[in-house]
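# Working through the structure, step by step
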Amino acid sequence: MSALLTEAERNAVLPSLGETGWGAVEGKDAIRKVWKFKSFSEAWGFMSRVALAAEKMNHHPEWSNVYNVVDVTLTTHSAKGLTKLDTDLAERMDAMAGPAEVQRDLDQPIQCLCEIHHAGKKG
């Protein structure tokens, strides 16, 4: 089982992940990030690449996908919090995401392209 990150490890790695858009999850020792891709196929391609990498690491994200949006939460369930597995996977995901837009304000509702296109057709 992986060990929880120490305070020193958290201070070393979490600020740089925060700069790329990863944020703390309220009430849970976890990090979260939301990417918006140009299309569903770009989002799905990202998820496919991450799935292969995660399987090799034997560490799997909590995630959801709606059209072009991929919402990811990382935590190590067996350790009941953040471990090096989480931060390593976060860094790999950042490298795989390419130029996708990052929604930095995680308190705002997440809106996918299909909702935006639908709203534009009303009226």
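Structural data are supplied above this passage.
Figured I'd write up the structure that's included with this text. (Residues numbered from 1 in each chain as written. Predicted model: local features only at pLDDT ≥ 70, side-chain atom pairs only at ≥ 80, totals over all residues. Heavy atoms only, no water.)

## Some words on the overall build of the chain
Helices and strands together make up the secondary structure of the chain, namely four helices and five strands. Secondary structure elements of the chain, listed N to C terminal, follow the sequence α-β-β-α-β-β-α-β-α. When the 123 residues of the chain are sorted by exposure, 38% land in the buried category. Long-range contacts, defined here as pairs at least 24 residues apart, represent 69% of the contacts in the chain between residues at least 6 apart. Entry remark: accessible area of the chain is about 7,300 Å², with carbon and sulfur atoms responsible for 55%. (Helix = DSSP H or I, 4+ residues; strand = E, 2+ residues; numbered from the N terminus. Buried < 20%, exposed > 50% of the residue type's maximum accessible area, 1.4 Å probe, protein only. Contact = heavy atoms within 4.5 Å. Areas by Shrake-Rupley, 256 points an atom, 1.4 Å probe, with all protein chains shown as cover.)

## A few points about the pairing of strand β3 (residues 62-66)
Sheet analysis places β3 next to strand β4 (residues 69-74), joined by five bridges and oriented antiparallel. Looking across to β4, one finds that Val66 is bridged to Val69. Counted between consecutive antiparallel strands, the loop separating β3 from β4 contains two residues, among which Tyr67 sits at a positive phi close to 50 degrees. (Pairing = 2+ DSSP bridges.)

## Side note on the packing of aromatic side chains
Per the counting criterion, the structure on display carries four aromatic pairs. Judged by centre distance (5.6 Å) and plane angle (85 degrees), the rings of Trp22 and Trp35 are edge-to-face. Of this pair, Trp22 sits in the loop between α1 (7-19) and β1 (23-25) while Trp35 is found in strand β2 (residues 28-36), placing the two residues 13 residues apart along the sequence. Assessed through its relative accessible area of 6%, Trp22 is described here as buried. When its relative accessible area of 1% is taken as the criterion, Trp35 is described as buried. Judged by centre distance (4.9 Å) and plane angle (55 degrees), the rings of Trp35 and Phe46 are tilted. Of this pair, Trp35 sits in strand β2 while Phe46 sits in helix α2 (residues 40-57), and the two are eleven residues apart along the sequence. Accessibility expressed as a relative area gives 0% for Phe46, which makes it buried. Through successive ring pairs, a cluster of aromatic residues spans Trp22, Trp35, Phe37 and Phe46. (Phe/Tyr/Trp six-rings, centres within 6.5 Å; stacked < 30°, edge-to-face > 60°.)

## Some words on the nonpolar core
In terms of nonpolar packing, the biggest core is built from 22 residues, with Trp22, Trp35, Phe37, Phe46, Leu74 and Met93 touching the most fellow members. For this core, the elements supplying multiple residues, two or more each, are α1, β2, α2, β4 and α3 (84-97). Among the elements that line this core, the one with the most residues is α2, at six residues. (Core = buried A, V, L, I, M, F, W, Y, C linked by side-chain atoms within 4.5 Å.)

## Concerning the pattern of salt bridges
By the definition in use, this model includes five salt bridges. A salt bridge links Asp29 to Arg10; the nearest nitrogen and oxygen atoms lie 2.8 Å apart. Placement of Asp29 in strand β2 and of Arg10 in helix α1 is noted, with a sequence separation of 19 residues between them. The partly exposed category is assigned to Asp29, whose relative accessible area is 26%. Here Arg10 falls in the partly exposed class, since its relative accessible area comes to 21%. (Salt bridge = Lys/Arg side-chain N within 4 Å of Asp/Glu carboxyl O.)

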